[in-house]
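One-letter residues, chain by chain:
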Amino acid sequence: MAQNSFASKIGFILAAAGSAIGLGAIWKFPYVTGTSGGGAFLLMFLAFTLLLGLPLLIGEFIVGRSTQKTALLAFKKLGHGRWTLVGYLGVIACFLLLSFYSVIGGWVLIYVGLGLSGTLNGRSPDEFGAVFGDVVSSPGIAVFGQFLFLLITLLIVLKGVEAGIERMSKILMPLLFVSFIVLVIRSLTLDGAMEGVRFFLQPDFSALTGKSVLFALGQAFFSLSLGVAAMLTYASYIQTKGTLNRSANMIVLLNIAVSLLAGLAIFPAVFASGLDPAEGPALLFVVLPAVFNQVPLGGFFMVLFFLLFTFASITSSIAMLEVVVAGVTDKLNEKKQTMSKRNVTLILAAAVFAVGIPSALSFGVMSELQFFDGMTFFDVMDYVVSYVLMPIGALLTSIFVGYVVDQRILKEEIQTSNVGVKLYPVWHFLIRYVIPVTVAVVMVSTWITTLLES
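Scoring rules and cut-offs
Residues numbered from 1 in each chain as written. Predicted model: local features only at pLDDT ≥ 70, side-chain atom pairs only at ≥ 80, totals over all residues. Heavy atoms only, no water. Helix = DSSP H or I, 4+ residues; strand = E, 2+ residues; numbered from the N terminus. Contact = heavy atoms within 4.5 Å. Areas by Shrake-Rupley, 256 points an atom, 1.4 Å probe, with all protein chains shown as cover. pLDDT = per-residue confidence, 0-100. Axes fitted to C-alpha atoms, helices over the stretch in contact; angles between N-to-C directions. Parallel < 35°, antiparallel > 145°, perpendicular 65-115°, else oblique. Nonpolar A, V, L, I, M, F, W, Y, C, P; charged D, E, K, R; others polar. Buried < 20%, exposed > 50% of the residue type's maximum accessible area, 1.4 Å probe, protein only. Phe/Tyr/Trp six-rings, centres within 6.5 Å; stacked < 30°, edge-to-face > 60°. Patch = residues over 30% accessible without salt bridge, like charges linked within 9 Å, V, L, I, M, F, W, Y side chains within 5 Å. Salt bridge = Lys/Arg side-chain N within 4 Å of Asp/Glu carboxyl O. Expected span 1.5 Å × (residues − 1).

Draft legend 1. Broad picture of the overall build of the chain. A count of helices and strands for the chain gives 18 helices and zero strands. Counted over contacts in the chain with a minimum sequence separation of 6, partners at least 24 positions apart contribute 82%. By element, 67% of the accessible surface of the chain is carried by carbon and sulfur atoms, the whole surface being about 17200 Å².

Below is the structure:
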């Protein structure tokens, strides 16, 4: 088996699901849900995931597996060079995404250490806010956490696809689900937990805004790693023919399951303690530790949560780094320039670390540097990737698959089962008309509203 290929279908599914199920599902989904209307946002997220995310995921799979090329060369092969820009856009988005993603991953690692040392035990909610403030504002702690997270990611990617990415995904993904189920059971048994369940599952459409709709669209793409060529790259490592639509269905279902588990673990605990679900990005680092400290065996469950948070973060970060490394390596090989993948990986990981340092310092020494209505450098990077580059990448990918790729290739890749044959017309209609129009309308209308408000 080649180093750059998956050894099994389940290995591919778990690795791709690991790429999707990361901070998007566990960190970002709960706090965006909390600030965007609870159940109404959840409903929008599910609709976008199933009607837009799933068809687009299949589209990225087709581009990757049919060409056996990663981002920079796949679009060129199918689009005769004119569409290479889409591949570059995906690689750049992945690079920028990992630069600030690694900062959050660093926070998680720091919290695992604090939890294991007992430092977080017996503190009040205000004290947890102070601890989080100390972690994110200290240049040494924030940058060290970011470095450590990227180092772990680097070591796994250096092992290759089968020995590194696939093997770690087979270990980490089952652990993540088992840990989450234990945490959900504990959260649902707290007094007052049902109020949190109602907030999460009962829609309140009066709480939705134009930005909420954009956030739901961005979250659907973010949580499935769409628009950044991650799924395309993983699909290029599939050596055998099979039903791509079944793999895509499984990955989407796993992603939705983890998002639901995250909500059922977090919101019941938050409401049971009388805390604010709209806390924002600090929700998991301030509110939840305070909740855990108020329940029996809270220290154990707190460490368990941050460990599974770490598992999910790493499975996503290795996908991001692999996309960038694979894209650059393929481009160098195309130009007959010799550089080992190991050296490319080391150089790019160092570059990601350097670019991510301003994000790591955004809550400390660089907190005064603000843009666009008080956004820090970290906030700008998050917004640009999640709500600009990802939707644009998804829009261009859907147009490319719907109008540029030969339909014979599309049918050959999808119609490998009776279900695939029957669903092909529906999928092709969604990828060609519904996805481009919906993404374009949501993006443009939200940008116009944002400009008018500012």
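Draft legend 2. Local environment of the confidence of the model for the chain. Of the residues in the chain, 86% reach a pLDDT of 70 or more, and the chain-wide mean stands at 81. Here helix H1 (residues 9-20) is the element of the chain with the lowest mean pLDDT, 64, and helix H15 (residues 341-360) is the one with the highest, 93.

Draft legend 3. A look at the packing of helix H4 (residues 71-79) against helix H14 (residues 298-334). Contact geometry of H4 with H14 gives a least axis separation of 7 Å together with a crossing angle of 60°. Comparing their axes, H14 and H4 come out oblique. Of H14, the residues touching H4 (which contributes Leu72, Leu73 and Lys76) are Gly327, Val328, Asp330, Lys331 and Glu334. Class assignment for the residues of the contact of H4 with H14 results in three nonpolar, one polar and four charged.

Draft legend 4. Structural view of helix H13 (residues 283-292). By the criterion of burial, H13 is predominantly enclosed, with ten of the ten residues buried. Burial in H13 covers these residues: Leu283, Leu284, Phe285, Val286, Val287, Leu288, Pro289, Ala290, Val291 and Phe292.

Draft legend 5. The arrangement of the packing of aromatic side chains in detail. The full count for this structure, using the stated rule, is 20 aromatic pairs. Three or more aromatic residues link up through ring pairs in this structure, and these residues are Phe100, Trp107, Tyr111, Phe132, Phe285, Phe306, Phe363 and Phe378.

Draft legend 6. Just the environment of Ala262, in detail. For Ala262, the location among the structural elements is in helix H12 (residues 244-272). When its relative accessible area of 0% is taken as the criterion, Ala262 is described as buried. In this structure, the C-alpha to C-alpha distance between Ala262 and Phe180, residues 82 residues apart in sequence, is 7.5 Å.

Draft legend 7. Structural context of the packing of helix H10 (residues 210-223) against helix H16 (residues 377-404). The interhelical angle for the contact between H10 and H16, taken along N-to-C directions, is 75°, at an axis separation of 9 Å. Classified by the interaxial angle, the pair formed by H10 and H16 is roughly perpendicular. On H16, the residues touching Leu214, Phe215, Gly218, Phe221 and Phe222 of H10 are Tyr383, Ser386, Tyr387, Met390, Pro391 and Ala394. Of the residues assigned to the contact of H10 with H16, the class counts are nine nonpolar, two polar and no charged.

Draft legend 8. Structural context of a nonpolar patch on the surface. Residues Phe144, Phe147, Leu151 and Leu155 make up a contiguous nonpolar surface patch of about 370 Å² in total accessible area. Given a relative accessible area of 49%, Leu155 falls into the partly exposed group.

Draft legend 9. Looking closely at H12. Over its 29 residues, H12 runs 42 Å from end to end, which matches the ideal 42 Å to within 8%, given 1.5 Å per residue. Immediately downstream of H12, the backbone of Gly274 shows phi near 70°, a positive value.

Draft legend 10. Seen up close, the side chain of Thr49. Within the secondary structure, Thr49 sits in helix H3 (residues 39-67). Setting aside chain neighbours within four positions, we find Thr49 in contact with Leu54, Ala220, Leu224, Val252 and Ile256.

Draft legend 11. Just unusual backbone geometry, in detail. If you check the backbone angles, Gln68 has positive phi at about 55° while not being a glycine. Within the secondary structure, Gln68 sits in the loop between H3 and H4.

Draft legend 12. The arrangement of the pattern of salt bridges in detail. Applying the stated rule across the entire model yields three salt bridges. Across the pair Arg65 and Glu413 runs a salt bridge, and its minimum N-O distance is 2.6 Å. Here Arg65 is found in helix H3, whereas its partner Glu413 is found in helix H17 (residues 407-414), with 348 residues between them in sequence. Note on Glu413: relative accessible area 2%, which makes it buried. Between Asp406 and Arg408 there is a salt bridge; the shortest N-O distance is 2.7 Å.

Draft legend 13. Looking closely at the environment of Val442. Inspection of the secondary structure assignment puts Val442 in helix H18 (residues 418-453). For the pair formed by Val442 and Phe215, sequence separation is 227 residues and the distance between their alpha carbons is 9.9 Å. Contacts of Val442, omitting those with residues within four sequence positions, involve Val213, Leu214 and Leu217.

Draft legend 14. View of the environment of Val86. Take Val86: it is sitting in helix H5 (residues 84-117). Between the C-alpha atoms of Val86 and Gly227, which are 141 residues apart in sequence, the distance is 9.0 Å. Sequence-distant contacts of Val86, that is, excluding residues within four places in its chain, are made with Phe75, Leu396 and Thr397.

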